[in-house]
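Each chain is listed here by its residues.
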Amino acid sequence: MSNEFNIRVDETVHWKANQIVAVDYVYTETRKNGEQRDYHVAIKREDYERLAASITTPTMPFNNFAKVLRPFMMGKYASEDIPEAFRLLDTDHSGTIDIGELAVFMPVIIPNASPYLLLHHIQKADKNCDYKLNLEEFTELINQGIGRDISLGRL
């Protein structure tokens, strides 16, 4: 998709009493013909916590969610945050992220996501075909812009 247009992403993190209360992402896509389109994605702590309480799958605390969300949403522009996001998702400390670990993060972004949807995206970056992502593979997944595509309904 990046060959079709240039993408700029801006992030705003809202804090209150040492807690992240919301994160906003604004994407500006500029096509080769000069046409621009803006997209806005906002996630508030209260909405996250309400949704997290209503689903049956495990979720992560909002501050950790926001740390993982940043590289997903900003892609290559947040490359320095990828190792921390990987560490937070790798809950069994195996050095890989499997579908179950990724599923702890994804339901809030796509509440009806099936394991098959997650597997489909894992397979895009899973070079050794073990249905898990090591840090290198996870970095490739992030750099492909998966978070942007998910949040903008492009899957």
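Residues numbered from 1 in each chain as written. Predicted model: local features only at pLDDT ≥ 70, side-chain atom pairs only at ≥ 80, totals over all residues. Heavy atoms only, no water.

In this section: the overall build of the chain. Within the chain, the secondary structure is distributed over 8 helices and 3 strands. Among the 155 residues that make up the chain, the fraction classed as buried is 41%. Considering only contacts in the chain between residues 6 or more positions apart, those separated by 24 or more positions represent 47%. When the accessible surface of the chain is summed, it comes to about 8,700 Å², and 49% of that surface belongs to carbon and sulfur atoms. (Helix = DSSP H or I, 4+ residues; strand = E, 2+ residues; numbered from the N terminus. Buried < 20%, exposed > 50% of the residue type's maximum accessible area, 1.4 Å probe, protein only. Contact = heavy atoms within 4.5 Å. Areas by Shrake-Rupley, 256 points an atom, 1.4 Å probe, with all protein chains shown as cover.)

In total, this model carries 8 salt bridges according to the counting rule given. In this structure, D81 and R70 form a salt bridge, with 2.3 Å as the shortest nitrogen-oxygen distance. Of this pair, D81 sits in the loop between α2 (62–74) and α3 (82–89) while R70 is found in helix α2, placing the two residues 11 residues apart along the sequence. For the salt bridge of E136 with K127, the shortest nitrogen-to-oxygen distance reads 3.5 Å. The same class applies to E136 and to K127, which are both exposed. Shared partners join several salt bridges into a network, and the residues in it are E11, R70, E80 and D81. (Salt bridge = Lys/Arg side-chain N within 4 Å of Asp/Glu carboxyl O.)

Before going further, it helps to spend a moment on the nonpolar core. Counting 40 residues, the largest nonpolar core has Y25, F72, L89, F105 and F138 as its most contacted members. Where this core is concerned, the elements lending two or more residues are β1 (5–16), β2 (19–31), β3 (36–44), α1 (45–54), α2, α3, α6 (115–125) and α7 (135–143). Element by element, the count of residues in this core is highest for α2, at 8 residues. Excluding residues within four positions of it along the chain, F105 makes contact with M60, F65, V68, L69, F72 and L89. (Core = buried A, V, L, I, M, F, W, Y, C linked by side-chain atoms within 4.5 Å.)

We now examine the environment of P83. Along the chain, P83 turns up in helix α3. On a C-alpha basis, the gap between P83 and E136 in space is 9.6 Å, while along the polypeptide they are 53 residues apart.

Among the residues making up α1, those that are buried are R45, Y48 and A52. Taken down its axis, α1 places every buried residue within 65° of arc, on the same side. Of the residues in α1, the exposed ones pointing more than 90 degrees away from the buried face are E46, R50, A53 and S54. (Arc of directions from axis to C-beta.)

Packing of α3 against α7 brings their axes to within 10 Å, and their N-to-C directions diverge by 115°. As far as their axial angle goes, α7 and α3 are roughly perpendicular. In this structure, α3 crosses over α7, and the sense of that crossing is right-handed. When α3 is examined against α7, the residues I82, P83, A85, F86 and L89 are found in contact with a partner set consisting of L135, F138, T139, I142 and N143. Among the residues making up the contact of α3 with α7, the classes are represented as 8 nonpolar, 2 polar and no charged. (Axes fitted to C-alpha atoms, helices over the stretch in contact; angles between N-to-C directions. Parallel < 35°, antiparallel > 145°, perpendicular 65-115°, else oblique. Left-handed = near helix turned anticlockwise from the far one by under 90°. Nonpolar A, V, L, I, M, F, W, Y, C, P; charged D, E, K, R; others polar.)

In this section: the environment of M73. Along the chain, M73 turns up in helix α2. According to the relative accessible area criterion, M73 is buried, its value standing at 2%. With 72 residues separating them along the chain, M73 and G145 place their C-alpha atoms 7.3 Å apart.

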